[in-house]
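# Coordinate inspection notes
Listed below are the residues making up each chain.
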Amino acid sequence: MSCKTSRLGINSGQAKEKRLGIEVISLEKAQMESRQSRRAFVVLGLMILTISSFGAVASWRSVPTTSKAPALTTGTPPVMPAAAPAKEFVYAGSALLATSESFREPPDDIAVWRPGTGGEASTWYILNSQQQTISYQFGVGTDTPITRDFDGDGKTDFCVYRASAGQWHIVKSSDNTYYAVTFGTINTDVPAAADYDGDGKADIAVFRPSDNGWYITQSSNNANTSQFFGATGDTPEAADFDGDGKSDLTVWRDSAASFYVKKSTDDLTTGYSIGQTGDKPVIGDYDGDGRADSAARRPSDGTWRILNSSTNTLDTVAWGEASDIAVQGRYTDSGDSDAKTDVAVWRPATGVWYIRRSTDGSLRAVQWGQSGDIPVPAPYRR
């Protein structure tokens, strides 16, 4: 029994050793295969990395360098569409704001209106900025000449207001057609045409001293509107004081030597005190900032007082004689091409225009017109 047991023990040990040998071999084989797999993965990873690197290099080489700017396109700019806005706009974050570049505004032409007598027609005599002369017969001696652009083409139209009939007679510069509009109370209303709705066209309008009413026909929609602003004895002086492209209701109150302005941007009233009783209003954009400046001229000594809107400072200029007529405007020549209103007077006795160039204060003298004429400077552009 003991020997049997011993054999069984020996056989069992040998079997165990064999099994352990097999297990050791199997483990070594598995480890070897694992190392081979890892080497394969490493090799594959290196191949992928190498391919990616070549692709990146190729992509980098295809990107253009900035050492040389690309060539600009050539040719003429495209024509603006027919429905393009009449004004330029800038984006202000939440809205489009209309802008105007003052240097693009046309200069005023030197011009007089000679009232007809004895049934003869009245005549416009114009000396434009190219020193060319133009004459045009229109209106009768009792009319009031109006210098406004009613068709929005950037040129002043020939227009007269006939107080005896409350009629506006207009010849459009865009196509030379004539039309008439009855608007105003006979012999009492004061013509006050201006661009109140900001569409680039002058609106037919009158100021009624009896009720201080402003009666306006808007050119943008042909609607009739009315506002009441001013006091007895005021003189209407519409101008754009806030620079929004719309004329503000403005009056000159001689008793207070002040302008009162109802600004179109907020409908608030602002007063500008300047000068003294007896001075005459001479509003213009003397500092070239696109806004009207309060200004008054004292005929007794020829002194101009100008309140600049850009700096809120007062300029005083001595220019002209007591009998002269103020004809402030933007006149241009070889010595003055800026966008500022020039201080200027017309002397009826000699028909001479004395213009103070805004660039340097020098004198420009032009003989144009005769005694009895009415000066009507404006950008006729004929």
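Preceding this paragraph is the structure being described.
Analysis parameters
- Residues numbered from 1 in each chain as written.
- Predicted model: local features only at pLDDT ≥ 70, side-chain atom pairs only at ≥ 80, totals over all residues.
- Heavy atoms only, no water.
- Helix = DSSP H or I, 4+ residues; strand = E, 2+ residues; numbered from the N terminus.
- Polar contact = N/O pair within 3.5 Å; in protein donor to acceptor, adjacent residues only side chain to side chain.
- Contact = heavy atoms within 4.5 Å.
- Phe/Tyr/Trp six-rings, centres within 6.5 Å; stacked < 30°, edge-to-face > 60°.

## Description of the side chain of R357
Inspection of the secondary structure puts R357 in the loop between β24 (352-356) and β25 (363-367). Side-chain polar atoms of R357 contact the side chain of D333, separated by 2.7 Å. Dropping the residues within four chain positions of it, R357 is found in contact with D333, G335, D336, D342, S362, L363 and R364.

## A look at unusual backbone geometry
Although it is not a glycine, N176 sits at a positive phi angle of roughly 60°. Relative to the helices and strands, N176 is located in the loop between β8 (167-171) and β9 (178-182). Look at D267: it is not a glycine, yet its phi comes out positive at around 65°. Along the chain, D267 falls in the loop between β16 (258-262) and β17 (269-273).

## Describing the packing of aromatic side chains
Per the counting criterion, the structure on display carries 15 aromatic pairs. Between the aromatic rings of Y136 and F158, the centroid separation amounts to 4.3 Å while the plane-to-plane angle is 0°, which identifies the pairing as stacked. One end of the pair, Y136, is in strand β5 (residues 133-137); the other, F158, is in strand β7 (residues 157-162), with 22 residues separating them in the sequence. A ring pair is formed by Y331 and W353, whose centres lie 6.4 Å apart and whose planes are at 75°; its orientation type is edge-to-face. Of this pair, Y331 sits in the loop between β22 (325-326) and β23 (343-347) while W353 sits in strand β24, and the two are 22 residues apart along the sequence.

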